[in-house]
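Chain by chain, the residues:
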Amino acid sequence: LVLLVTVLALNLSSAQITKTVDTMSDEITFTTSNHITGSDSTFNSRSFVMYLSLKADGDSAEIQGLAVIIEGLSCVESVEAIILLEDGNKLKMTSWNKFNCKGYAFFDITDKDINMLSNSPVSKVKFTNGRNYRTILSATSKKQSTVFVKNISDIKNNFYKTVTE
């Protein structure tokens, strides 16, 4: 029994998805604590943070898309993303949000994209600003390469850390 409690405690502490329940409004939100970061080896001032955008579907999380915050590409618009996976597959997409100078780029992803991200680690990422065609090209670290594989597995298995506000 002690071993089972210890294993469960270790598993709960490793949850990368947080389910937040607002006790006043009954609103449920989901966030990820892990993300992929990178910087361009040629242009050190160019960097990004990429994570899964989630929404509540009842008591479960649903993947809404990818969210990226980009620095060093000036104002962004129609950002093209190419995500190379370790198995050789590539995801290519263009951001749907409007021109902005905060570096925000939001991408819709399909069930096929989610399936690919759940089965193979991310190897490299390239972002191209559709406004001025400046790019960021970055390889992912071994630790960060599996972030989406783990996040998607946790979502499919409803494995969340729950916080009540």
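In this report, we go over the structure that sits alongside the text. None of these values were measured; they are calculated from a predicted model. (Residues numbered from 1 in each chain as written. Predicted model: local features only at pLDDT ≥ 70, side-chain atom pairs only at ≥ 80, totals over all residues. Heavy atoms only, no water.)

Structural notes on the sheet that holds strand 11 (residues 161-164)
Read from one edge of the open sheet, 3 strands run 2-1-11, paired in mixed fashion. A single partner strand is all that each edge strand has here, and the edge strands are strand 2 (28-32) and strand 11. Each strand of the sheet is rotated relative to its neighbour by a mean of 25°, with strand direction disregarded. In the sheet, strand 1 (residues 17-21) pairs with strand 11 via 4 bridges, with the strands oriented parallel. Residue pairing for strand 11: Lys-19 is matched across the bridge by Thr-162. (Pairing = 2+ DSSP bridges. Helix = DSSP H or I, 4+ residues; strand = E, 2+ residues; numbered from the N terminus. Axes fitted to C-alpha atoms, helices over the stretch in contact; angles between N-to-C directions.)

Overview of the state of the cysteines
Scanning the model with the defined rule gives 1 disulfide in all. A sulfur-sulfur separation of 1.9 Å characterises the disulfide bridge that pairs Cys-75 with Cys-101. Across the disulfide from Cys-75 to Cys-101, rotation about the S-S bond amounts to roughly 95°, and the bridge is consequently right-handed. Residue Cys-75 is located in the loop between strand 5 (60-71) and strand 6 (80-85), and its partner Cys-101 is located in the loop between strand 7 (90-94) and strand 8 (104-107); the two are separated by 26 residues in the primary sequence. (Disulfide = S-S within 2.5 Å.)

Keep in mind these values describe shape, not function.
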